[in-house]
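So you can see what is in the structure, the chains are spelled out below.
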Amino acid sequence: MSGMETHQIEREKLDLLEYGALRDGKPQSSNRRCYFQLQVYTECADTNKIVEAVSASGLESVVYRDVNDPRGVGLLFMNENPEIFVKEVRSLLTGPAFASLKQKPEMTMLGRTYALGREADLEDWLLNKFRRNALNPALPWAVWYPLRRKPEFAGLSREEQGKILGEHALLGRAYGEAGFVQDIRLSCYGIDARDNEFVIGLVGSELYPLSRIVQDMRKTQQTTLYLDRLGPFFVGRAVWQS
């Protein structure tokens, strides 16, 4: 067998699909994902000008006022095609509305949706669920942050990982079902400047529950034993959603 044939066989063995739960007795799989990017700026004296520019761009997006910076704004963009970030988003952010603003590159976050294999409606999970959360006018408050687990977590068996993640998920589900917090869970392996693994967005109608769930998550085994780093945190309130 030639080297080219061997390479072709190895390539065919690679599986880049996302998988969900069985639906009507049939397996779900998809090669589609949605990308989200948060850009943060300071030196913004007039948020309305930013809203006008972002609105006119036609991009699916959110504009936040930064709670911790009186001249700060956050911009969340989302799209299935990542090329939008180096074309339309780039064109917008290098335009006149942003000329006097100063970017905070340490706050930039980029992630993609992913599946765990238990999703009842895979396509909706990958493409729509988190967009609905981000664009819901009833959920204007947002806390965004990246995280990285310790390498030891990857060395655990699938069963051990599942137990640890299950504790974390159970707490998140309780907050969600009570109507306090909705989340946006993204993977950022290889596309984060600081080599983080996940980007998390927490959105809600009030700020306190977003702070409280982070506090409660500190008690889980994943956080106490297997979290390497967390943050920086961006805290904002939406003033415009597409």
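Above this text you will find the structure in question.
Read on for an overview of the structure. (Residues numbered from 1 in each chain as written. Predicted model: local features only at pLDDT ≥ 70, side-chain atom pairs only at ≥ 80, totals over all residues. Heavy atoms only, no water.)

**Structural notes on the nonpolar core**
Counting residues in each nonpolar core, the largest one holds 28 residues, and the members touching the most others are Phe36, Tyr64, Leu76 and Trp144. Among the elements of the structure, strand 3 (35-42), strand 4 (61-66), strand 5 (73-79), helix 4 (122-135), strand 8 (141-149), strand 9 (182-187), strand 10 (198-204) and strand 12 (234-241) are those that each provide at least two residues to this core. Looking at this core, the element that brings in the most residues is helix 4, giving 7 residues. Residues in contact with Trp144, not counting those within four places in the same chain, are Leu38, Tyr64, Leu76, Met109, Ile184, Leu186, Val199, Ile200, Gly201, Pro232, Phe233 and Phe234. Core analysis: the next-biggest nonpolar cluster, separate from the first, contains 21 residues, Cys44, Leu93, Leu110 and Trp240 among them. (Core = buried A, V, L, I, M, F, W, Y, C linked by side-chain atoms within 4.5 Å. Buried < 20%, exposed > 50% of the residue type's maximum accessible area, 1.4 Å probe, protein only. Helix = DSSP H or I, 4+ residues; strand = E, 2+ residues; numbered from the N terminus. Contact = heavy atoms within 4.5 Å.)

**Quick notes on the pattern of salt bridges**
Charged atoms that come close allow side chains of opposite charge to pair. What the rule picks out here adds up to 13 salt bridges. Ionic pairing is found between Glu83 and Lys87, a salt bridge with its closest N-O pair at 3.0 Å. Since its relative accessible area comes to 42%, Glu83 is described here as partly exposed. Here Arg212 and Asp216 are joined by a salt bridge, their closest N and O atoms 3.0 Å apart. Of this pair, Arg212 and Asp216 both sit in helix 7 (residues 208-217), separated by 4 residues, roughly a single helical turn. (Salt bridge = Lys/Arg side-chain N within 4 Å of Asp/Glu carboxyl O.)

**As for the packing of helix 6 (residues 158-177) against helix 7**
The contact between helix 6 and helix 7 brings their axes to 11 Å, and the two run at 160°. Accordingly, the angle class assigned to the pair helix 6 and helix 7 is roughly antiparallel. Seen from above, helix 6 lies across helix 7 with right-handed handedness. Contacts between helix 6 and helix 7 involve His168, Leu171, Gly172 and Tyr175 from the first element and Pro209, Arg212, Ile213, Asp216 and Met217 from the second. For the contact of helix 6 with helix 7, a count of residues per class yields 5 nonpolar, 2 polar and 2 charged. (Axes fitted to C-alpha atoms, helices over the stretch in contact; angles between N-to-C directions. Parallel < 35°, antiparallel > 145°, perpendicular 65-115°, else oblique. Left-handed = near helix turned anticlockwise from the far one by under 90°. Nonpolar A, V, L, I, M, F, W, Y, C, P; charged D, E, K, R; others polar.)

**Brief notes about the packing of aromatic side chains**
What the rule picks out here adds up to 8 aromatic pairs. Summarising the aromatic geometry, the rings of Tyr114 and Phe198 are spaced 5.8 Å apart at their centres and angled 50° between planes, so their arrangement reads as tilted. One end of the pair, Tyr114, is in the loop between strand 7 (109-112) and helix 4; the other, Phe198, is in strand 10, with 84 residues separating them in the sequence. Given the relative accessible area of 10%, Phe198 is considered buried. Counting every residue linked through ring pairs, the aromatic cluster contains Tyr114, Tyr189 and Phe198. (Phe/Tyr/Trp six-rings, centres within 6.5 Å; stacked < 30°, edge-to-face > 60°.)

**What to know about the side chain of Ser187**
Mapped onto the secondary structure, Ser187 falls in strand 9. Residue contacts for Ser187: discarding those within four places in its chain leaves Gly111, Arg112, Tyr114, Glu197 and Phe198.

Just geometry here; none of it tells us what the structure is for.
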